[in-house]
Amino acid sequence: MGSFRILGLSIIVFGAMVSSFGCCEEDPQCQPGFSSEIYIFKVDRTHLHRGRRVGRVIFDDCSGRQRVLFNSEDSRFKVDTDGTVSLKRPVNLYDGHKSFSVHAWDSKGRKITTTVWVQYEPWTSQQEHEVDSGPFGQPVSTEPVPVLEFPQSSNGLKRRKRDWIIPPINFPENDKGPYPKEVVKIRTSNDKEARIHYSITGPGADEPPKGLFFMNKYSGQIFVTQPLDREKQAHYALFAHASASGGTPVEAPMEIIINVIDMNDNKPVFTEDTYEGSVPEATQVGYDILIVTATDADDPNTENGEIAYSILSQEPKEPNGNMFAINPNSGQIRLNSPGLDKEQYPQYILTVQAADQAGKGFPTTCTVIIKVTDSNDRHQINNSAPKFPRHMYSASVPENKKGAEVLRLFVYDSDEPLTPGWFTKFHIVQGNDDGLFNITNGPCHMEGVITTVKALDFEKKHQHTLLVAVENMIPFRPQMPTASATVIVNVEDVNEA
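Residues numbered from 1 in each chain as written. Predicted model: local features only at pLDDT ≥ 70, side-chain atom pairs only at ≥ 80, totals over all residues. Heavy atoms only, no water.

Student: How would you summarise the packing of aromatic side chains if you had to cite specific residues and measurements?
Tutor: Pairs of aromatic rings are described using the distance from one ring centre to the other and the angle between the two planes. Here the structure, examined in full by the defined rule, presents 13 aromatic pairs. Consider the rings of Phe34 and Phe70, whose centres lie 6.1 Å apart with planes at 40°: the pair is tilted. Linking Phe34 in strand β1 (residues 33-34) with Phe70 in strand β6 (residues 70-72), this pair joins segments that are 36 residues apart in sequence. Linked through ring pairs, Phe34, Tyr39, Phe41, Phe59 and Phe70 together constitute an aromatic cluster. (Phe/Tyr/Trp six-rings, centres within 6.5 Å; stacked < 30°, edge-to-face > 60°. Helix = DSSP H or I, 4+ residues; strand = E, 2+ residues; numbered from the N terminus.)

Quick look at the structure:
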């Protein structure tokens, strides 16, 4: 019986309110709506008991009525006709917040929606009093914020001056709040002549991610509802609008750029956990071995994204602890000291660090394995230098023939074929001052092929004497004498016009 009585009373109240739509005349200069697109009410605990009042929403239907019919999409919350939001059942804020939509109807029966956000944040009673005393249930700003004015215009809407620059708003990422936090305030010089309604559009407002920014329609204050992340989005482009009470625009839309200022909240990450490289044991100091690379998600144009590399440790430390060095900017690792010996120290393990803020910020490490490979060491079994079977060779080549093959010089080496101590390279060390000849390795790697680079001239010089040397690709350690041979090149006369 009690339930029917309550239901009947609700129907009577609803009918009285609906009937009031027809008896209240709407102000033609008024624009029905909530005082804010989003209401954020803060509570000091995560468990909210039944009957708890969390805040109040304000709705003006332009009819002058003091009480309005509201509807909450979350059945655990109810909204009284004076806009008071309270709990019908207990609620736990497991995520620290809860949001839901609230609807109201203007005098013509049109539905208008706002969002209520219940946010957990430990407060003192003094802080709670300060927030409750703010206009339209919005928080009172305690920090000065920039104030942007619409470009001055006259006679209604006009194109703004080209030299009018709206400065961007800088807001740090990961700001600790409390939220919502005021970012900027918008105003127009026309607010002295008429009541102005402000609004914002764009990504973060009425476009995804919706609800990140909201504006107090009467004061022009723009708030951010949660911490921003530069790595997700570095800036937001919003448009501010100003209109008269009847909805007529009084200003052209003004673009507002909110730049998210980078904070050092990411540490460098190596592209690989372990890098591997090799270096021949007879290599000269300064030899480039490999490059390590790390990336940082922070802004690369600031110190937060500036990475510096260093070597933390080397194992083994023999023959000294500085066998390798690293370029702090590029990550290039090179041989820094002589003394590599594969027989004694076949492998080195380095711990390399990358730190942002030019080496003073967050560090991370990786492992570098450097293997020492065999060089042409005459103390090893069967290792020997390449030799020419003869000390003197002769060949003939027609004059005026460029790119002609002159001679193939074969050598022998008792090392095991296709090992580092077996491959050879040839040089013309004398007799080629004019650059007429060139020598390259043949396909079997044990022959040198001499060819002409330029056309020879019998009338100018009918014979050339070249001294050719051969050595292994990897030099001996210690140095051994280089084998050489003399090549006599006879130029053949050709009947010329």
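Student: Please give an account of the pattern of salt bridges that cites residues and values.
Tutor: Inspection of the entire model under this criterion finds eleven salt bridges. Here Arg408 ties to Glu447 by a salt bridge, and the two come within 3.3 Å at their closest N and O atoms. Highlighted residues: Arg408 in strand β30 (residues 405-410) and Glu447 in strand β33 (residues 447-452), separated in sequence by 39 residues. Residue Arg408 is classed as partly exposed on the basis of its relative accessible area of 34%. Residue Glu447 is classed as buried on the basis of its relative accessible area, which comes to 4%. Linked through salt bridges whose partners overlap, the residues forming this network are Asp44, Arg45 and Arg52. (Salt bridge = Lys/Arg side-chain N within 4 Å of Asp/Glu carboxyl O. Buried < 20%, exposed > 50% of the residue type's maximum accessible area, 1.4 Å probe, protein only.)

Student: Describe unusual backbone geometry, listing the residues and the values that go with them.
Tutor: In this model, Pro208 is joined to Pro209 through a cis peptide bond whose omega is 0°. Examined against the element boundaries, Pro209 turns out to sit in the loop between β15 (196-201) and β16 (213-215). Residues Glu315 and Pro316 are joined by a peptide bond in cis, for which omega reads -5°. By secondary structure assignment, the location of Pro316 is in the loop between β24 (308-315) and β25 (324-326). The phi torsion at Ala358 lies on the positive side, around 55°, for a residue other than glycine. As for its position among the elements, Ala358 is in helix α3 (residues 356-359).

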